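Chain residues, written in single-letter form:
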Amino acid sequence: MTRIKPKPIYFFLFLFGFIVAMFYYQFQPANNYKITRLADANEYEKIYTYFHSDSADYTVRFGIHNRIVIPFLATFMPAKNISTNFFILNTFFAMLSLLALIYLFRYFNINTLYIVLSAIYFSLHWVGPFRQNAISPINVDMPVYLFEVIFLILFIKKKYFLLLILSPVAIATKELFLAMDIVFLFISLFWRFYYQDKSFSIPWILGILFTGVLTKLLLNYYYPSVSPGRNSMLVMAFHLREMALHPDHAIRWILSLFGAFSAFLFVTIKKPKDIKSITKDDALIYLLGLSMLALSILGGMDYTRLIFLGFPYVMISILKIGNPTKQEMIWAFILSITLTRFWMVLPTATGDIRVYGGWMPEYADTAHLVSWTLTALLYLILYFGGRGIWRLAFKAGHTPE
């Protein structure tokens, strides 16, 4: 892959992202997390207070207790209000994530038009970095997209020492990245035994994984949860069992996948590629995309948000698999951007939960679940119907610009 030179796309999309961030900050009401005992923001506030005050105890529930980096950094922000401090910090990471996303798309030789459309969709989605930062500023998700890109680029470029340094920081931001270390080890082994390719250093990846495990152990020791008997394996097993025992969870996950990527999913409905024709670069991004989708099942039940966190890998996989024409991409974007309802205010989770659940297939009641199903079917019909009409129009003598 060739060296990527700066282009105006970075400036214009950075400006677009900043405008979007400020727009939603002004018009999107934030959740009142204090009236919802189980809201994650309450736990992040405890971590923030612990670092902000020498007298505070560390009483954070399992699953959040290790995520110390963002609350710690937020204590250095200038505002007196915790929500404002988190918003400032997370906006910074959201902007960097947007730029990193553009870089990764260009690194994988994605068409510039497709990059712009993908970046706009990423920025306007209701579980994307800017709207989520407005409705729930006290969170740690915004750096995830950035670290995903950096992890992959360092892995591809075999910058193992830098990956070794970054891994503990990323894991202390969100434990997802310990799972990513395991995925990279699996990929290295797959390359070694399937492709007979020794380009990825298994000893280095094992060292990075060992460092990640050690980081997790140290975090558990110095920043323990209030439930020391729980562990990540038990949590993942619980979610897997729930998926197996409750068929509606699988339906909700599929609809959440549609909610996260909308009509873009339909560009992949084509004759499958011969597996032997898949390049190693494409195989790498496919494996990472599948890994993120698998982790969205094991990591919790807020499926739409967890699936969307894999946007850098999954969206590139969609574009690589579907290889859409410009007409297909534009039509998929038009349909998808309407589903984001970017012009609407998100209902706060602390209000009428049924209204909030209507936006999230994983929480939707039966009526909203049926509505989501019908919407997905309608979009499927509109995508293929619109694509067919578009093609007929071109055959009748029109030419695309």
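Refer to the structure above for everything that follows.
Residues numbered from 1 in each chain as written. Predicted model: local features only at pLDDT ≥ 70, side-chain atom pairs only at ≥ 80, totals over all residues. Heavy atoms only, no water.

(A) Main features of the overall build of the protein. Looking only at helices and strands, the protein features 18 helices and 0 strands. For 401 residues, the compact-globule formula gives about 21 Å, and the C-alpha radius of gyration of the protein, at 21 Å, lands near that figure. Its C-alpha atoms give the protein principal-axis dimensions of roughly 75 × 55 × 50 Å. Nonlocal contacts in the protein, meaning residues at least 24 apart in sequence, comprise 77% of its contacts between residues at least 6 apart. Entry remark: accessible area of the protein is about 19,100 Å², with carbon and sulfur atoms responsible for 69%. Treating the 34 positive side-chain charges of the protein as one cloud and the 21 negative ones as another, the clouds have centres 9 Å apart. (Helix = DSSP H or I, 4+ residues; strand = E, 2+ residues; numbered from the N terminus. Rg over C-alpha atoms; globule rule 2.2 N^0.38 Å. Contact = heavy atoms within 4.5 Å. Areas by Shrake-Rupley, 256 points an atom, 1.4 Å probe, with all protein chains shown as cover. Lys, Arg positive; Asp, Glu negative; His and termini not counted. Charge placed at Lys NZ, Arg CZ, Asp CG, Glu CD.)

(B) Spatial organisation of helix α2 (residues 40–52). Under the 1.5 Å per step criterion, the end-to-end length of α2 is 18 Å for 13 residues, consistent within 8% with the ideal 18 Å. When α2 is considered as a whole, its buried residues turn out to be A41, N42, E43, Y44, E45, I47 and Y48. In this structure, the buried side of α2 is in contact with α3 (69–74) and α4 (82–107). (Expected span 1.5 Å × (residues − 1). Buried < 20%, exposed > 50% of the residue type's maximum accessible area, 1.4 Å probe, protein only.)

(C) Spatial organisation of the packing of aromatic side chains. Enumeration according to the criterion identifies 44 aromatic pairs in this entry. Feature note: the residues F147, F151, F155, F177, F184, F186, F190, W191, Y194, Y195 and F200 constitute an aromatic cluster, connected by ring pairs. A cation over a ring is seen here: R341 above W126, with NZ or CZ 5.3 Å from the ring centre. (Phe/Tyr/Trp six-rings, centres within 6.5 Å; stacked < 30°, edge-to-face > 60°. Lys NZ or Arg CZ within 6 Å of the ring centre and 35° of its normal.)

(D) Spotlight on the packing of helix α7 (residues 142–156) against helix α13 (residues 280–298). Closest axis-to-axis distance for the α7/α13 pair is 13 Å, and the angle between their directions is 145°. The handedness of the crossing between α7 and α13 is right-handed. On the side of α7, the interface is formed by E148, L152, F155 and I156, while α13 contributes L284, I285, L288 and M292. A breakdown of the residues in the contact of α7 with α13 according to their chemical character gives 7 nonpolar, no polar and 1 charged. (Axes fitted to C-alpha atoms, helices over the stretch in contact; angles between N-to-C directions. Left-handed = near helix turned anticlockwise from the far one by under 90°. Nonpolar A, V, L, I, M, F, W, Y, C, P; charged D, E, K, R; others polar.)

(E) Layout of the environment of L176. Along the chain, L176 falls in helix α9 (residues 176–193). A residue is classified by how much of its surface remains accessible, and L176, at 15% relative accessible area, is buried. For the pair L176 and L295, spaced 119 residues apart in sequence, the C-alpha to C-alpha distance is 8.2 Å. Beyond its immediate stretch of four places on either side in the chain, L176 contacts V144, E148, M292 and L295.

(F) Geometry of the nonpolar core. Within the largest apolar cluster, 132 residues are counted, with the highest numbers of intra-cluster contacts made by F261 and F311. Looking at this core element by element, the count peaks at 13 residues for α4. Setting aside chain neighbours within four positions, we find F261 in contact with Y121, I307, F311, V314, M315, I318 and S336. (Core = buried A, V, L, I, M, F, W, Y, C linked by side-chain atoms within 4.5 Å.)

(G) Main features of α9. Between its first and last C-alpha atoms α9 spans 26 Å; for 18 residues at 1.5 Å apiece the expected length is 26 Å, and the two agree. If you check which residues of α9 are buried, you get L176, F177, L178, M180, D181, V183, F184, L185, I187, S188 and W191. Each element contacted by the buried residues of α9 is listed here: α7, α8 (160–173), α10 (202–222), α13 and α15 (311–322).

(H) Up close: the pattern of salt bridges. Counting across every chain of the model gives 14 salt bridges. D141 serves as the salt-bridge partner of R305, at 2.6 Å between the closest nitrogen and oxygen. Of the two residues, R305 sits in helix α14 (residues 303–308) while D141 sits in the loop between α6 (129–135) and α7, which places them 164 residues apart along the sequence. Assessed through its relative accessible area of 18%, R305 is described here as buried. (Salt bridge = Lys/Arg side-chain N within 4 Å of Asp/Glu carboxyl O.)

(I) Spatial organisation of unusual backbone geometry. With phi around 60°, N109 is a residue other than glycine that occupies positive phi space. Structurally, N109 is set in the loop between α4 and α5 (112–124). On the basis of relative accessible area, N109 is assigned to the exposed category, the value being 58%. Backbone geometry places N323, a non-glycine residue, at a positive phi of 40°. By the element assignment, N323 lies in the loop between α15 and α16 (326–339). When its relative accessible area of 58% is taken as the criterion, N323 is described as exposed.

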